[in-house]
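Chain and residue survey
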Amino acid sequence: MKHLAAYLLLSLGGNASPSAADIKAVLESVGIEADDDRLEKLLSELEGKDVNELIAEGSSKLASVPSGGAGGAVAAGGAAAGGAAAEAPKEEAAKEEEKEESDEDMGFGLFD
């Protein structure tokens, strides 16, 4: 990943086709040692390809991957369908909060 980050930094800086020496120089400038095998593999896979096209292609692939955020929407939809049933737990939660607040009147605090 560090090799790819250095490659992308060089690309953003105007170097359309960074070499292994360029990437090593970037990594060494921040005290990271480059792994020659991984670096060569990365360069061979990116050879002749446009970085912007690869990013666009990857973004379209990621758009189709479920991202775990949809589970909350389903739960919220179920609660909304419940209507009156959803209001009862809110009242219970308010009562529980009042009980917790009454504990503060015991004459001592957490940091006393």
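Residues numbered from 1 in each chain as written. Predicted model: local features only at pLDDT ≥ 70, side-chain atom pairs only at ≥ 80, totals over all residues. Heavy atoms only, no water.

As a volume, the largest pocket reaches approximately 190 Å³. Lining the largest pocket are Met-1, His-3, Leu-4, Arg-38, Lys-41, Leu-42, Glu-45 and Leu-46. Of all the secondary-structure elements, those providing two or more residues to the lining of the largest pocket are helix 1 (2–12) and helix 3 (36–46). In terms of residue count, the dominant contributor to the lining of the largest pocket is helix 3 (5 residues). For the lining of the largest pocket, a count of residues per class yields 4 nonpolar, 1 polar and 3 charged. (1 Å grid on protein atoms, 1.4 Å probe; cavity = no way out; pocket = protein on both sides within 12 Å on 5 of 7 lines; lining within 4 Å. Points joined across faces, edges and corners; volume = space filled by probe spheres on them. Helix = DSSP H or I, 4+ residues; strand = E, 2+ residues; numbered from the N terminus. Nonpolar A, V, L, I, M, F, W, Y, C, P; charged D, E, K, R; others polar.)

On to the side chain of His-3. Looking at the element boundaries, His-3 is found in helix 1. The class for His-3 is buried, based on a relative accessible area of 5%. Sequence-distant contacts of His-3, that is, excluding residues within four places in its chain, are made with Ile-23, Leu-27, Ala-34, Asp-35, Arg-38, Leu-39 and Leu-42. (Buried < 20%, exposed > 50% of the residue type's maximum accessible area, 1.4 Å probe, protein only. Contact = heavy atoms within 4.5 Å.)

It is worth spelling out the packing of helix 1 against helix 2 (residues 20–29) at this point. Where helix 1 contacts helix 2, the two axes come as close as 9 Å, and the packing angle between them is 105 degrees. Accordingly, the angle class assigned to the pair helix 1 and helix 2 is roughly perpendicular. Between helix 1 and helix 2, the residues in contact are Lys-2, His-3, Ala-6, Tyr-7 and Leu-10 and Asp-22, Ile-23, Val-26 and Leu-27, respectively. Here the residues of the contact of helix 1 with helix 2 sort into 6 nonpolar, 1 polar and 2 charged. (Axes fitted to C-alpha atoms, helices over the stretch in contact; angles between N-to-C directions. Parallel < 35°, antiparallel > 145°, perpendicular 65-115°, else oblique.)

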